[in-house]
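# A look at the structure
As a plain string of letters, each chain reads:
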Amino acid sequence: MTYAITQTCCADATCVAVCPVNCIHPTPEERDFGSTEMLHIDPKTCIDCGACADACPVDAIFPVESLSAAQREYGPLNAAYYEGREAGSVTSGPNFHAWGEPVFERVLPSGFAPVRVAVVGTGPAGMYAVEDLLLHTGAEVTLIDRLPVAGGLIRYGVAPDHPSTKKVQDVFARFHAHPRVRMHLGLDVGKDVTHRELAAHHDAVVYAVGAGADRRLSVPGEDLPGSLSARTFVAWYNAHPEVAPDAVDLSSERVVVVGNGNVALDAARVLVSAPDALTGSDIAAHALDALRASPVREVVVLGRRGPDEAAYTRSELLALTHLPGVDLVVDDHDPRTGAAVDAAAPGDKAAVLRGVRREAVDWSSAPPPGRRIVFRFHSEAVEARGEGRVRSVRVTGGPGDPEIPTGLLLRAVGYRGLPVAGLPFDETTCTVPHEGGRVTGELGTYVVGWIKRGPSGGIGANRTCAAETVTTLLADAVAGLLPTPEHGARAFHRLARRRNRHLVDARGLARIDREELSRGLREGRPRVKLATVPELVAAGRGRARPAR
């Protein structure tokens, strides 16, 4: 029996580190690492020890024989990665590798004094940096987030029907109450405290603030009511406290999603999934109610390139083919689409669409009965039209640039970073300029995650990104390049409390967690998220408001 890695792979390579026979590739040392959609287990080398499954933070690894019908493709998919490649590195037994020379990237002096580091952001990028610092040094960490709850992208960016992916937060949660961590949730750096004040109280500051804005289409009508960024939609169904419960209007039968990355597929999947299937998730209560009352039956996913160049991953597209009660359709308006699907090799993304029905969709008609997702490739949105709100979207492709009637346009064309007060900013890349994570011209200041490298890479990509930044930080510390703090740790804690009296600490975060789990238990759900800042702060102080 062999194991296989499935859809929810986060590619943080924890499994690689524990495999005794080196059967998981690509590894962080290999050129392909970070460029493949997921990691793969070599069935010829796997010895069925299960170490990878035990270590996987997102429950993505299972024995091939136990894969469900929706996961069955991942056995051949893992094996296909190794076709034509050199076999694993095992020579004469399961515990023998063709190891290279040992490499010690960090050598800290025996008398190395613990550094005091502030980490701004509690998403995966920030928490991988915190994990690295706590496990490999004696650092003291001040963990800061502008929201009164931790999690960042894990809590507010992962689709609710991907609970396994959210389990990586359990790995990070063990560091929230670490004895060398002080947590200040609800503290806005740039508003409550400045960068200079933060730096004056710490040896180093690491910013892991992500990409907080979305890219625009730059077409007429983009700002009409009913035109939203997919970032807003995702935040809405994940109960982000900065997005109002009534921010999304689902009164239209058809929704148009511009873009065909994984976020676009997440939005489409949530919109057409049976609401009852989402009750077993932590989707926002207001979103679940809206979906139950919604007439949405069709989601049109627009991609300006062909199916062989789509931005979504093959695993996310495969998941749609198993969505109960939902049909997939390829709009056959452009002959290049069908040709690309027919010519696709078995392992290509376009090949997944080979069995999907193709039709020339009549956009003048209402969506047919049932629920479906329509993929329209080689097509761009050029105008959103409507009086007072979006009523249709004019798109390219076909005679006369057809109009697709809709009451909701979701823009899923990418995220972009925002300037961080007190730091340099590259307006072209929307990132903070840096060298190996060290902010250009700012000794003692570092970046990690999307604000460092741009909005690319999933959860696991942040692990290697954080390792680079922490390595640079520690090298600067050893070289004596870190500025000496003007004030101690306790002084900063007092300053933070003076500036904002509604902060949540580690104990408060644990209270929020218990309150959400308790509400979920009462409603027969895994968790019911608190959806406003006052609710989160009240729960953090042990004064939770009654559930609705």
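Quantities reported herein were computed from a predicted structural model and do not represent experimental measurements. (Residues numbered from 1 in each chain as written. Predicted model: local features only at pLDDT ≥ 70, side-chain atom pairs only at ≥ 80, totals over all residues. Heavy atoms only, no water.)

### Topic: the environment of Gly303
Note the cut-off: What counts as a helix is a DSSP run of H or I of at least four residues, what counts as a strand is a run of E of at least two, and both are numbered from the N terminus. Any pair of residues with heavy atoms lying within 4.5 Å of one another is described as a contacting pair.
With respect to the helices, strands and loops of the structure, Gly303 is situated in the loop between strand S12 (298-302) and helix H13 (314-320). Note: C-alpha distance between Gly303 and Phe375 (72 residues apart in sequence) is 7.7 Å. Aside from chain neighbours lying at most four places away, what touches Gly303 is Asn260, Arg376, Phe377, His378 and Ser379.

### A look at the pairing of strand S13 (residues 326-331)
Quick reminder of the rule: Whether a residue is buried, partly exposed or exposed follows from its accessible area with a 1.4 Å probe, protein chains only, as a fraction of its type maximum: under 20%, in between, or over 50%, in that order. Between any two strands, at least two bridges found by DSSP are needed for them to pair. By the criterion used throughout, a crossover qualifies as right-handed when its path from the first strand across the helix to the second strand runs clockwise, the strands pointing away from the viewer.
The buried fraction of S13 amounts to five of the six residues, a majority that puts the element mostly inside the structure. Direction of pairing for S13 relative to strand S15 (residues 371-376): parallel, over a ladder of five bridges. Within S15, the position partnered with Val329 by the bridge is Val374. Looking at chain direction, S13 and strand S14 (residues 357-359) are connected through three bridges and run parallel. Bridging across to S14, Asp331 finds its partner in Glu359. In this fold, S13 hands off to helix H14 (residues 335-343), which returns the chain to S14; that crossover is right-handed.

### Topic: a positive patch on the surface
Inclusion rule: Patches here are clusters of residues that have more than 30% relative accessible area and form no salt bridge, with a 9 Å joining cutoff for like charges and a 5 Å cutoff for nonpolar side chains (Val, Leu, Ile, Met, Phe, Trp, Tyr). Residue exposure ignores everything except the shown protein chains as possible cover, and the areas themselves are Shrake-Rupley values with a 1.4 Å probe. Salt bridges, as used here, are contacts in which a Lys or Arg side-chain nitrogen is within 4 Å of a carboxyl oxygen on Asp or Glu. For this count, His and the chain ends are skipped, Lys and Arg are scored as positive, and Asp and Glu as negative. Note on charges: their place is set at NZ of Lys, CZ of Arg, CG of Asp or CD of Glu.
A cluster of like positive charges, contributed by Arg182, Arg490, Arg494, Arg497, Arg498, Arg541 and Arg543, occupies part of the molecular surface. Take the positive patch: its biggest share by element is four residues, from helix H17 (residues 489-499). Checked against the element boundaries, Arg182 lands in strand S7 (residues 181-185). Among the residues examined, Arg182 registers a relative accessible area of 44% and is labelled partly exposed.

### Considering unusual backbone geometry
Following His25, the chain continues to Pro26 via a peptide bond in cis, the omega torsion being -5°. Tracing the backbone through its elements, the reader meets Pro26 in the loop between strand S2 (24-25) and strand S3 (40-41). Located in the positive-phi region is Asp401, a residue other than glycine, with phi close to 50°. With respect to the helices and strands, Asp401 occurs in the loop between strand S17 (392-395) and strand S18 (403-405). The phi torsion at Cys430 lies on the positive side, around 55°, for a residue other than glycine. Inspection of the secondary structure assignment puts Cys430 in the loop between strand S20 (415-416) and strand S21 (434-435).

### Overview of helix H18 (residues 506-523)
Going by this rule: The length a helix should cover is 1.5 Å for every residue beyond the first. Taken from the helix axis, the directions to the C-beta atoms give the arc we talk about. In the analysis that follows, any N or O atom pair within 3.5 Å is treated as a polar contact, provided that within protein one partner can donate a hydrogen and the other can accept it, and provided that, for residues neighboring in sequence, both atoms belong to side chains.
In a regular helix each residue adds 1.5 Å, so 18 residues correspond to 26 Å; H18 covers 26 Å between its end C-alpha atoms and thus fits that length. Where H18 is concerned, the buried positions are Gly508, Leu509, Ile512, Glu515, Glu516, Arg519 and Gly520. Seen along its axis, H18 keeps its buried residues to an arc of 135°; they face one direction. Turned more than 90 degrees off the buried face of H18, the exposed positions are Arg507, Arg514, Leu521 and Arg522. Elements that come into contact with the buried residues of H18 comprise helix H5 (153-157), S7 and helix H19 (533-540). For H18, the side-chain oxygen to backbone nitrogen distance between the N-cap and Arg507 is 3.2 Å, and the N-cap itself is Asp505. After H18 finishes, the residue Gly524 shows a positive phi value of roughly 70°.

### Comments concerning the packing of aromatic side chains
Operational definition: Pairing of aromatic rings covers Phe, Tyr and Trp, the last through its six-membered ring, and needs centres within 6.5 Å; plane angles under 30 degrees mean stacked, over 60 mean edge-to-face, and all others mean tilted.
Here the structure, examined in full by the defined rule, presents seven aromatic pairs. Residues Tyr128 and Phe172 carry aromatic rings whose centres are separated by 5.0 Å and whose planes lie at 85° to one another, so their mutual orientation is edge-to-face. Residue Tyr128 is found in helix H4 (residues 124-136), and its partner Phe172 is found in helix H7 (residues 168-173); the two are separated by 44 residues along the sequence. Residue Tyr128 shares its accessibility class with Phe172, and that shared class is buried. What links up through ring pairs into an aromatic cluster is the set Phe233, Trp236 and Tyr237.

### A few points about the environment of His378
In this structure, His378 sits in the loop between S15 and strand S16 (381-385). A residue is classified by how much of its surface remains accessible, and His378, at 15% relative accessible area, is buried. Along the chain, His378 and Thr396 lie 18 residues apart, while their C-alpha atoms are 7.9 Å from each other. Excluding residues within four positions of it along the chain, His378 makes contact with Gly303, Arg304, Arg305, Gly306, His333, Asp334, Arg336, Thr337, Thr396 and Gly397.

### Overview of the nonpolar core
Worth spelling out the cut-off: Residues grouped as a nonpolar core are buried Ala, Val, Leu, Ile, Met, Phe, Trp, Tyr and Cys residues, joined through side-chain atoms within 4.5 Å.
Ile24 and Phe375 are the most contacted members of the largest nonpolar core, which totals 117 residues. What Phe375 contacts, discounting residues up to four positions off in sequence, is Leu265, Val301, Tyr312, Leu317, Leu320, Leu328, Val329, Val330, Asp331 and Leu353. Residues Ile144, Val420, Cys430 and Ala496 belong to the second largest nonpolar core, which totals 21 residues.

### Focus on the packing of helix H9 (residues 230-237) against helix H10 (residues 262-272)
So the rule is basically this: Helix axes are fitted to C-alpha atoms over the stretch in contact, other axes to C-alpha atoms as well, and angles between N-to-C directions run from 0 to 180 degrees. Throughout this description, any angle smaller than 35 degrees is read as roughly parallel, any larger than 145 degrees as roughly antiparallel, any in the 65 to 115 degree range as roughly perpendicular, and the remainder as oblique. With the far helix as reference, a near helix turned anticlockwise by less than a right angle produces a left-handed crossing, and one turned clockwise produces a right-handed crossing. Charged means Asp, Glu, Lys or Arg here, nonpolar means Ala, Val, Leu, Ile, Met, Phe, Trp, Tyr, Cys or Pro, and polar covers whatever is left, Gly included.
The contact between H9 and H10 brings their axes to 10 Å, and the two run at 50°. By the angle class used here, H9 and H10 are oblique. In the crossing of H9 with H10, the sense of the turn from one axis to the other is left-handed. Every residue of H10 that contacts H9 at Ala230, Phe233, Val234 and Tyr237 is listed here: Val263, Asp266, Ala267, Val270 and Leu271. Of the residues contributing to the contact of H9 with H10, the split by class is eight nonpolar, no polar and one charged.

### A short note on the sheet that holds S13
Strand order across the open sheet formed by seven strands is S10-S19-S11-S12-S15-S13-S14, with parallel pairing between neighbours. The open sheet has two edge strands with one neighbour each: strand S10 (227-229) and S14. Each strand of the sheet is rotated relative to its neighbour by a mean of 25°, with strand direction disregarded. In the sheet, strand S11 (residues 254-258) pairs with S12 via five bridges, with the strands oriented parallel. Within the sheet, the bridge partner assigned to Arg254 lies in S12 and is Glu298.

### With respect to the pattern of salt bridges
As enumerated under the stated definition, the model contains 36 salt bridges in all. The shortest N-O distance in the salt bridge between Asp513 and Arg527 comes to 2.7 Å. Placement of Asp513 in helix H18 and of Arg527 in the loop between H18 and H19 is noted, with a sequence separation of 14 residues between them. A residue is classified by how much of its surface remains accessible, and Asp513, at 31% relative accessible area, is partly exposed. Each member of the salt-bridge network shares a partner with another, and the members are Asp214, Arg216, Glu222, Asp223, Arg231 and Arg411.

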